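Summary of the model geometry
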Amino acid sequence: PARAWPRAAARAHLMATFTPWVVIPVYNHEHAIGQTLLHVLASGLPCLLVDDGSDPACAGVLRELARTHAPQARLLRLEENQGKGGAMLAGFREAASLGASHVLQIDADGQHDADDIPRFISAARAAPDAAICGQAVYDESVPKGRLYGRYITHVWVWINTLSFAVKDSMCGFRVYPLPHVLQLIDAEPIGRRMDFDSDILVRLVWRGMPVVNLPTRVHY
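Model, not experiment: these values are computed from the prediction. (Residues numbered from 1 in each chain as written. Predicted model: local features only at pLDDT ≥ 70, side-chain atom pairs only at ≥ 80, totals over all residues. Heavy atoms only, no water.)

Looking only at helices and strands, the protein chain has eight helices and seven strands in total. Counting every position in the protein chain, which comprises 220 residues, the buried fraction comes to 52%. Sequence separation of 24 or more characterises 79% of the internal contacts of the protein chain that already satisfy a separation of 6 or more. Surface accessibility of the protein chain: about 10100 Å² in total, with carbon and sulfur atoms responsible for 58%. (Helix = DSSP H or I, 4+ residues; strand = E, 2+ residues; numbered from the N terminus. Buried < 20%, exposed > 50% of the residue type's maximum accessible area, 1.4 Å probe, protein only. Contact = heavy atoms within 4.5 Å. Areas by Shrake-Rupley, 256 points an atom, 1.4 Å probe, with all protein chains shown as cover.)

Rendered as structure tokens:
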């Protein structure tokens, strides 16, 4: 089993250096990303857009957004599509180079409620060594098939972690303590496509990371 981190020392360091950044992986969401970015920046946090090999139309929109909203918005361009996980892994490393202690992940398509960002950051400040995980509260827009598929994945996560610590393993709205994440991704392969959200949480729980679950509204 993977070793747990020294909790007291890690927590004290993260409290002293608390510097959250938002990371948004983007692949061909040129029609939604502008509004999503505006809502994110309204929280007062800096934001890193990770262009995951988008087509020229979306790439152009992202370049213009980064130019218009600099220095609060930065852009990292991946020339070839890596998948959501690959984009987030690149985003983690870039955020660390920019001085981040924590990364708040949110989707580019506007389905997450960016008004909840201050609540997630407050929870991360109170528990800086924990993963702050969104627990999706859906409205009538969610397809029923999506709900059933998500439940199957949740059961897989509960079995693999031998706990119910993670209430929603697929919600892509969460905060990570960055030093712990970098230690993990340097040591183990992480799912680079849509398996990323569940895979990284399972591996963080295996390593002893506590989880705080926050209900948050999701609109499809």
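Read on, since the account is not over.
What follows concerns the pairing of strand S4 (residues 102-105). Residues His-102 and Leu-104 of S4 are buried on one face, and the alternating residues Val-103 and Gln-105, pointing to the opposite face, are buried as well. Relative to S4, strand S1 (residues 20-26) runs parallel, the two sharing four bridges. Counted as the bridge partner of Pro-20 is His-102 from S4. Judged from the four bridges that link them, S4 and strand S6 (residues 174-177) form a sheet pairing that is antiparallel. (Pairing = 2+ DSSP bridges.)

Inspection of the entire model under this criterion finds 13 salt bridges. Residue Asp-51 pairs with Arg-77 through a salt bridge whose shortest N-O separation is 2.7 Å. Of this pair, Asp-51 sits in strand S2 (residues 47-52) while Arg-77 sits in strand S3 (residues 73-78), and the two are 26 residues apart along the sequence. Of the residues examined, Asp-51 reaches a relative accessible area of 1% and is grouped as buried. The shortest N-O distance in the salt bridge between Asp-116 and Arg-119 comes to 3.1 Å. For Asp-116, a relative accessible area of 13% puts it in the buried group. What you see here is one network of salt bridges that share partners, running through Lys-84, Asp-107, Arg-174 and Asp-197. (Salt bridge = Lys/Arg side-chain N within 4 Å of Asp/Glu carboxyl O.)

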